[in-house]
Amino acid sequence: QQQQQQQLQQKPGGVAPKMCGVGVVLVQVSGGAVCVKSVNKGGPAFNSQQINRGDVLYAIDGQKVLGWDVERVKPLILGPVGSQITMNFQRVGNQVVGKRSIDVVMIRQPVDPNMSAQRPMQPFERGTMG
């Protein structure tokens, strides 16, 4: 019976949908925040041109994830190919710019994990990582 339930949740034809993310590499920093370490070239995160190294992940699809560890965040990022995800990042600036909130809407696509591209931090962001 359990096997039948699993089959019902799969796509027609008995094949489970391929799961993928958006090509963002995250790292846990001191203080518990999950930050962007890098983005993979050609992936949705890279193509958005909105996500920078050092951005702090704040929410995924409206679910606040600030303070969660990377392993707890990962299942929220992964989803079926072609599905939409909204990720909210906090970008810490200087005293003039302050903190900014950035919502990035992307479509999940398979990404080559070997195509990591480290975007340079913006001048006002230097030294913000713990």
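What counts as what
Residues numbered from 1 in each chain as written. Predicted model: local features only at pLDDT ≥ 70, side-chain atom pairs only at ≥ 80, totals over all residues. Heavy atoms only, no water. Salt bridge = Lys/Arg side-chain N within 4 Å of Asp/Glu carboxyl O. Helix = DSSP H or I, 4+ residues; strand = E, 2+ residues; numbered from the N terminus. Buried < 20%, exposed > 50% of the residue type's maximum accessible area, 1.4 Å probe, protein only. Phe/Tyr/Trp six-rings, centres within 6.5 Å; stacked < 30°, edge-to-face > 60°. Lys NZ or Arg CZ within 6 Å of the ring centre and 35° of its normal. 1 Å grid on protein atoms, 1.4 Å probe; cavity = no way out; pocket = protein on both sides within 12 Å on 5 of 7 lines; lining within 4 Å. Points joined across faces, edges and corners; volume = space filled by probe spheres on them. Nonpolar A, V, L, I, M, F, W, Y, C, P; charged D, E, K, R; others polar.

### Some points on the pattern of salt bridges
- Across all of its chains, the model carries two salt bridges by this definition.
- Across the pair Glu-71 and Lys-74 runs a salt bridge whose closest N-O atoms are separated by 3.3 Å. Taken as a pair, Glu-71 and Lys-74 lie in helix α3 (residues 70-77) at a separation of three residues, close to a single helical turn.
- Glu-71 gets classed as exposed once you look at its relative accessible area, which sits at 54%.
- Judged by relative accessible area, Lys-74 falls into the partly exposed class, the value being 39%.

### Some remarks on the packing of aromatic side chains
- Under the defined criterion, the tally for this structure stands at zero aromatic pairs.
- One residue, Arg-72, lies across the ring of Trp-68, its end atom 3.7 Å from the ring centre.

### Quick word on the layout of surface pockets
- Here the largest pocket is characterised by a volume of approximately 400 Å³.
- Around the largest pocket sit 19 residues that line it, and Gly-21, Val-22, Gly-23, Val-24 and Leu-78 are the ones nearest its centre.
- Counting residues per element, the ones that place at least two in the lining of the largest pocket are β1 (19-20), β2 (24-28) and α3.
- At four residues, the largest contribution of residues to the lining of the largest pocket is made by α3.
- Looking at the lining of the largest pocket residue by residue, the class counts come to 13 nonpolar, four polar and two charged.

### Structural notes on unusual backbone geometry
- Positive phi, close to 55°, is recorded for Gln-49, a residue that is not glycine.
- Here Gln-49 is to be found in the loop between α2 (44-48) and β4 (56-60).
- Although it is not a glycine, Asp-61 sits at a positive phi angle of roughly 50°.
- Within the fold, Asp-61 resides in the loop between β4 and β5 (63-64).
- The exposure class of Asp-61 is partly exposed, given its relative accessible area of 45%.

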